[in-house]
Amino acid sequence: MNLDAQHPLATGLTADSRLIRAYQGTRPDKTPVWFMRQAGRSLPEYRSLRVGTRMLDACLEPEMASEITLQPVRRHNVDAGILFSDIVIPLKLVGVDVEIVAGMGPVLGKAVRNAKDVEELTALDPAVLDTTLAPIRAAVARTVAELGATPLIGFAGAPFTLAAYLVEGGPSKDHIHARTLMHADPDAWAALMAWTAEVTGRFLRAQVLAGASAAQLFDSWAGALSLDDYTRYVAPASTAAIAHVRDLTYDESLAGPSAAGAASVRRNVPVVHFGVGTGELLREMHAVGADVVGVDYRVPLDEANRRLGGLVPVQGNIDPALLAAPWPVLEAHVLDVLERGRTAPAHVLNLGHGVPPMTDPNVLTRLVSFVHEVTAVTADAGDQSPPAAS
Ligand code: CP3
């Protein structure tokens, strides 16, 4: 389905941005940068705005969610915004009893441990999201209007990561109940995953239709799985979730946005797939229908690129721990990540996981300008060598 003519990809506003070009596998003038969890507790302006408002309430307040989304874009000059929201929002909006406990994460009123619990949960109708997602659509629309040519990334949790919270009833180290359920009752597991894919897929699609220019699926806890379990019990549901946005397209004029009647090319909305500790799963995480693979800090990007067959744009993978190290240490690490990222068709610089809450935001700002500076392609040289290496 073609996006609405007013969508920022369709109008051309974000279609030629560094982020979208890199997600399409080409190398823009500078390596684009954004940070997972760039909005949030590392920013004093976030902490003061959030006083007195619970996390999930803030996500459902379009004006506040939009303002929080814009804060890191203004401050850091990053190449994308990511909607301030949470992976459990669509669960809450479909009727699941879930809250976010500060310092801990999502906590469910009731854990989903067996076939009867799954039946009860899946009786909640995903179609209610058509109306209950209204505050999310409003937050996206407001944000996109402010962002202009900077693309907004929409996101959702992958079915396994959501199921891990649902089955455990809250955060967990090894997700043992979820891993037991997939083997103990494969039918109940399949029903749970199919329902979760539908719920999270609708959340992702709503964000893109409302104006997001790219979509990222977070399978944060998939690293707990063996390759075999991932392939058999998880990948089909991730494919189903991504299918909710896989059909979304726009036409890009080859002569630029204002050249009416010129030849055009049909493009799809780029989809990024990210997980933590998923070095053994990179190929399969691409194969579920992603365009770009997000890599955590454990696997160097040249090795990730090798595992992906050399044809997939990569995103990552600064170790968040180094944000608190002395600048020369961080700088050397950034140059190494950029160098290894050069082996891939394209690279979007990010962290290997989210911004730690105690991060000095000035380090993030400096990091963005450093990456832009050292990756800038000079018009006449036409190569990508950073000044330090030439
Ligand atoms: O990246 C961004 O800036 C966008 C915002 C975003 C949030 N959650 C806001 C948030 C995104 C992309 C998420 C996704 C999310 N939520 C994931 C996948 C990404 C990842 O980190 O692996 C997961 C696993 C969750 C579940 C969740 N929600 C956790 C683990 C936590 C942290 C709990 C804590 O207090 O440490 C949350 C809460 C949450 N989501 C916060 C933010 C800014 C912190 C809430 C606060 O400020 O009190």
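Under an unreviewed UniProt entry, the protein chain has the name Uroporphyrinogen decarboxylase and belongs to Cryobacterium breve. Quoted verbatim from the Function (unreviewed entry) field of UniProt, the annotation for the protein chain is "Catalyzes the decarboxylation of four acetate groups of uroporphyrinogen-III to yield coproporphyrinogen-III." We quote the UniProt Subunit (unreviewed entry) comment for the protein chain here in full: "Homodimer."

One pass over the structure, following the stated rule, counts 25 salt bridges. One salt bridge in this structure joins Arg202 and Asp130, with 3.0 Å as the shortest N-O distance. With Arg202 in helix α12 (residues 186-210) and Asp130 in helix α8 (residues 129-132), this pair connects stretches of sequence that are 72 residues apart. Of the charged contacts in the structure, one is a salt bridge between Arg298 and Asp296, with a shortest N-O distance of 2.4 Å. Classification of Arg298 by relative accessible area gives partly exposed; the value is 48%. Where salt bridges share partners, they join Asp16, Arg21, Glu252 and Arg267 into one cluster.

It is worth spelling out the UniProt feature "site: Transition state stabilizer" (unreviewed entry) in the protein chain at this point. The UniProt feature table records "site: Transition state stabilizer" (unreviewed entry) at Asp86. Looking at the secondary structure, you find Asp86 in the loop between β1 (81-82) and α6 (89-94). Given a relative accessible area of 11%, Asp86 falls into the buried group. Residues in contact with Asp86, not counting those within four places in the same chain, are Met55, Leu56, Cys59, Ile100, Phe155 and Phe203.

As a further point, take the site of the ligand. Close contacts around the ligand come from 26 residues, with Arg37, Tyr46, Gly103, Ser220 and His353 the closest. Between the ligand and Arg50 there is a distance of 3.2 Å, counted from an oxygen atom to a side-chain nitrogen or oxygen. Here the ligand has 870 Å² of accessible area as a free molecule, and 92% of this is covered by the chains. Cavity membership is defined here by more than half of the atoms lying within 2 Å of grid points; on that basis the ligand lies in the largest pocket. Those elements that provide at least two residues to the shell around the ligand are α3 (44-50) and β3 (105-108). Of the residues in the shell around the ligand, the class split is 16 nonpolar, six polar and four charged.

Trp34 and Trp189 are the most contacted members of the largest nonpolar core, which has 128 residues in total. By residue number, the principal contributor to this core is α12, which donates eleven residues. Contacts of Trp34, omitting those with residues within four sequence positions, involve Leu19, Tyr23, Val78, Ala80, Ile82, Ile153, Gln216, Gln315, Val348, Leu349 and Asn350.

So, on to the packing of aromatic side chains. Two descriptors summarise a pair of aromatic rings, namely the distance from one centre to the other and the angle between the planes of the rings. Taken as a whole and judged by the stated rule, the model has six aromatic pairs. Taken together through their ring pairs, the aromatic side chains of Phe155, Phe203, Phe218 and Phe274 make up a single cluster.

As annotated by UniProt and renumbered to match this structure, "binding site: substrate" (unreviewed entry) occupies Arg37, Gln38, Ala39, Gly40, Arg41, Asp86, Tyr165, Ser220 and His353. Separation in sequence by 317 residues is matched in space for these annotated residues, since their most distant C-alpha atoms are 22.9 Å apart. As for the largest pocket, its lining draws on Arg37, Gln38, Ala39, Gly40, Arg41, Asp86, Tyr165, Ser220 and His353 from among the annotated residues. Looking at where Arg41 falls in the secondary structure, it is placed in the loop between α2 (18-23) and α3. The exposure class of Arg41 is partly exposed, given its relative accessible area of 43%. Mapped onto the fold, Tyr165 is located in helix α10 (residues 159-168). When near neighbours in sequence (up to four residues on either side) are disregarded, Tyr165 contacts Ile87, Pro106, Leu108, Gly170, Pro171 and Trp221.

Another point: the sheet that holds strand β11 (residues 347-351). The parallel open sheet is built from seven strands, whose spatial order is β1-β4-β5-β8-β9-β10-β11. Lying at the two open borders of the sheet, with one neighbouring strand each, are β1 and β11. Where α12 meets the sheet, it contacts β4 (152-157) and β5 (214-219), and its direction lies at approximately 175° from that of β4. Along the sheet face, helix α16 (residues 327-341) touches β10 (314-318) and β11 and points at about 160° away from the line of β10.

What follows concerns helix α7 (residues 115-122). All of the buried residues along α7 are Asp117, Val118 and Leu121. For α7, the arc enclosing every buried residue in end-on projection is 100°, short of the 170-degree limit, so these residues lie on one face. Relative to its buried face, α7 has exposed residues pointing more than 90 degrees away, namely Lys116 and Glu119. Contact partners of the buried residues in α7: α10 and α12. For α7, the capping residue at the N-terminal end is Asn114, with a side-chain oxygen 3.1 Å from the backbone nitrogen of Lys116.

Of the voids in this model, the largest pocket is the one considered here, and its volume is about 1200 Å³. If you go around the largest pocket, you meet 41 residues; those closest to its centre are Arg37, Arg41, Met55, Asp86 and Gly105. Elements represented by at least two residues in the lining of the largest pocket include exactly α3, β2 (98-101), β3 and α10. Among the elements that make up the lining of the largest pocket, the one with the highest residue count is α3 (three residues). Considered class by class, the residues forming the lining of the largest pocket number 22 nonpolar, 13 polar and six charged. In this model, the second largest pocket occupies a volume close to 170 Å³. Surrounding the second largest pocket, 13 residues form its lining, Val96, Lys110, Val112, Glu120 and Leu121 being those nearest its centre. Among the elements that take part in the lining of the second largest pocket, α7 stands out by supplying three residues, more than any other. The residue inventory of the lining of the second largest pocket, partitioned by class, reads seven nonpolar, two polar and four charged.

Conventions used here
Residues numbered from 1 in each chain as written. Predicted model: local features only at pLDDT ≥ 70, side-chain atom pairs only at ≥ 80, totals over all residues. Heavy atoms only, no water. UniProt positions renumbered as here; feature names shortened; annotations may be inferred. Salt bridge = Lys/Arg side-chain N within 4 Å of Asp/Glu carboxyl O. Helix = DSSP H or I, 4+ residues; strand = E, 2+ residues; numbered from the N terminus. Buried < 20%, exposed > 50% of the residue type's maximum accessible area, 1.4 Å probe, protein only. Contact = heavy atoms within 4.5 Å. Near = heavy atom within 4 Å. Polar contact = N/O pair within 3.5 Å; in protein donor to acceptor, adjacent residues only side chain to side chain. Areas by Shrake-Rupley, 256 points an atom, 1.4 Å probe, with all protein chains shown as cover. 1 Å grid on protein atoms, 1.4 Å probe; cavity = no way out; pocket = protein on both sides within 12 Å on 5 of 7 lines; lining within 4 Å. Sits in = over half its atoms within 2 Å of the grid points. Nonpolar A, V, L, I, M, F, W, Y, C, P; charged D, E, K, R; others polar. Core = buried A, V, L, I, M, F, W, Y, C linked by side-chain atoms within 4.5 Å. Phe/Tyr/Trp six-rings, centres within 6.5 Å; stacked < 30°, edge-to-face > 60°. Pairing = 2+ DSSP bridges. Axes fitted to C-alpha atoms, helices over the stretch in contact; angles between N-to-C directions. Arc of directions from axis to C-beta. Points joined across faces, edges and corners; volume = space filled by probe spheres on them.

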